[in-house]
Amino acid sequence: KAGVTQTPRYLIKTRGQQVTLSCSPISGHRSVSWYQQTPGQGLQFLFEYFSETQRNKGNFPGRFSGRQFSNSRSEMNVSTLELGDSALYLCASSLTGTMNTEAFFGQGTRLTVV
Amino acid sequence: LAKTTQPISMDSYEGQEVNITCSHNNIATNDYITWYQQFPSQGPRFIIQGYKTKVTNEVASLFIPADRKSSTLSLPRVSLSDTAVYYCLVGDTSGGSYIPTFGRGTSLIVHP
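Residues numbered from 1 in each chain as written. Chains lettered and ligands numbered in written order. Predicted model: local features only at pLDDT ≥ 70, side-chain atom pairs only at ≥ 80, totals over all residues. Heavy atoms only, no water.

Per the secondary structure count, chain B includes 0 helices and 10 strands. Along chain B, helices (α) and strands (β) appear in the sequence β-β-β-β-β-β-β-β-β-β when read from the amino end. For 112 residues, the compact-globule formula gives about 13 Å, and the C-alpha radius of gyration of chain B, at 14 Å, lands near that figure. Dimensions of chain B, computed from the C-alpha atoms along their principal axes, are close to 45 × 30 × 20 Å. Considering only contacts in chain B between residues 6 or more positions apart, those separated by 24 or more positions represent 54%. When the accessible surface of chain B is totalled, it reaches about 5,500 Å², and 52% of it is carbon and sulfur. Chain B carries 8 positive and 8 negative side-chain charges, and their two centres are separated by 6 Å. (Helix = DSSP H or I, 4+ residues; strand = E, 2+ residues; numbered from the N terminus. Rg over C-alpha atoms; globule rule 2.2 N^0.38 Å. Contact = heavy atoms within 4.5 Å. Areas by Shrake-Rupley, 256 points an atom, 1.4 Å probe, with all protein chains shown as cover. Lys, Arg positive; Asp, Glu negative; His and termini not counted. Charge placed at Lys NZ, Arg CZ, Asp CG, Glu CD.)

Time to look at the pattern of salt bridges. Pairs can form between side chains of opposite charge once their charged atoms are near each other. Residues and elements named next belong to chain A. Scanning all chains against the criterion turns up 5 salt bridges over all chains. For the salt bridge of Arg55 with Glu48, the shortest nitrogen-to-oxygen distance reads 2.8 Å. Here Arg55 falls in the partly exposed class, since its relative accessible area comes to 39%. Judged by its relative accessible area of 1%, Glu48 is buried. (Salt bridge = Lys/Arg side-chain N within 4 Å of Asp/Glu carboxyl O. Buried < 20%, exposed > 50% of the residue type's maximum accessible area, 1.4 Å probe, protein only.)

Let's shift gears to unusual backbone geometry. Residues Thr7 of chain A and Pro8 of chain A are joined by a peptide bond in cis, for which omega reads -10°. Mapped onto the fold, Pro8 of chain A is located in the loop between strand S1 (5-7) and strand S2 (10-13). For Glu52 of chain A, which is not glycine, the phi torsion reads 70° and is therefore positive. Here Glu52 of chain A is to be found in the loop between strand S5 (42-50) and strand S6 (53-57). Assessed through its relative accessible area of 47%, Glu52 of chain A is described here as partly exposed. Look at Arg68 of chain B: it is not a glycine, yet its phi comes out positive at around 55°. You can see Arg68 of chain B is positioned in the loop between strand S6 (61-64) and strand S7 (70-75).

All names here are of chain A. The 4 strands are arranged S1-S3-S8-S7 in an open sheet whose pairing can be described as antiparallel. Sheet topology places S1 and strand S7 (64-68) at the edges, where each strand pairs with a single neighbour. Pairwise comparison of adjacent strand axes, ignoring direction, gives a mean angle of 20° for this sheet. In the sheet, S1 pairs with strand S3 (residues 19-24) via 3 bridges, with the strands oriented antiparallel. Looking at S3, one finds that Gln6 is bridged to Cys23. (Pairing = 2+ DSSP bridges. Axes fitted to C-alpha atoms, helices over the stretch in contact; angles between N-to-C directions.)

Let us now look at the interface of chain A and chain B. Between chain A and chain B, the contact holds 22 residues from the first and 18 residues from the second. With both sides pooled, the region where chain A packs onto chain B buries about 1,700 Å², and carbon together with sulfur makes up 54% of that total. When the buried surface of chain A facing chain B is broken down by residue, Leu43, Met99 and Asn100 of chain A rank first, second and third, together holding 32% of it. There are 7 residue pairs in polar contact (both at pLDDT 80 or more) connecting chain A and chain B. Counting only elements with at least two residues in the side of chain A that touches chain B, the list comes to strand S4 (31-38), S5 and S6 of chain A. The leading source of residues in the side of chain A that touches chain B is S5 of chain A, at 3 residues. (Buried area = accessible area lost by both parts, 1.4 Å probe. Polar contact = N/O pair within 3.5 Å; in protein donor to acceptor, adjacent residues only side chain to side chain.)

Right, let's talk about the side chain of Asp82 of chain B for a bit. All names here are of chain B. In this fold, Asp82 is placed in the loop between S7 and strand S8 (84-92). The side chain of Asp82 is buried and forms no salt bridge, while Arg45, the nearest opposite charge, is found at 6.5 Å. Here the side chain of Asp82 touches Ser79 through a polar contact of 2.8 Å, landing on its backbone nitrogen. Not counting residues within four places of it along the chain, the set of residues in contact with Asp82 comprises Gln37, Arg77, Leu108 and Val110.

See below:
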């Protein structure tokens, strides 16, 4: 079956702009989580959506938001981009959620803010 | 606050067994320990998950002592293709919700 698909793969944006990233989970998976990966901070949890509801949220400012659609596809939005938002953004899907389950990651979206 | 600590890097040679230990002193009672592997420009890939004692699958073993404050990922007979970054993952429940918390990762380099 198809894996987790993230689009776009690469993105370059200017400070102050906003960006929307997309994630299509594995068919049948209802949980979608987002992570930010940087050399300095490593892999950090942003938020999790399950059946269109945000279930958990990491310690990120309100500029980072997300949503999930009825088909489980998810989008992540970052407004007023800062240079420090440059990172690899990873999406993961799982059957039931982030706790004690196997998560399947996409290849990520590499965001560069200039 | 859940915090995981693992070695930054390790070196090994083909055919050897590699053991990577992660400490997680504040692991929640009902939380499992999960390990992931990541290659450059790819998302992490699940390796193994366990709660206590020993778990084994076709690629690795996971050893968890009775106090569950650490875990050791064991990779038998590594090959060059096992060169990757390995992460342990536990949850932080200190804020009332479950926050998946990755370690900083262990960069394993396998030499010929």
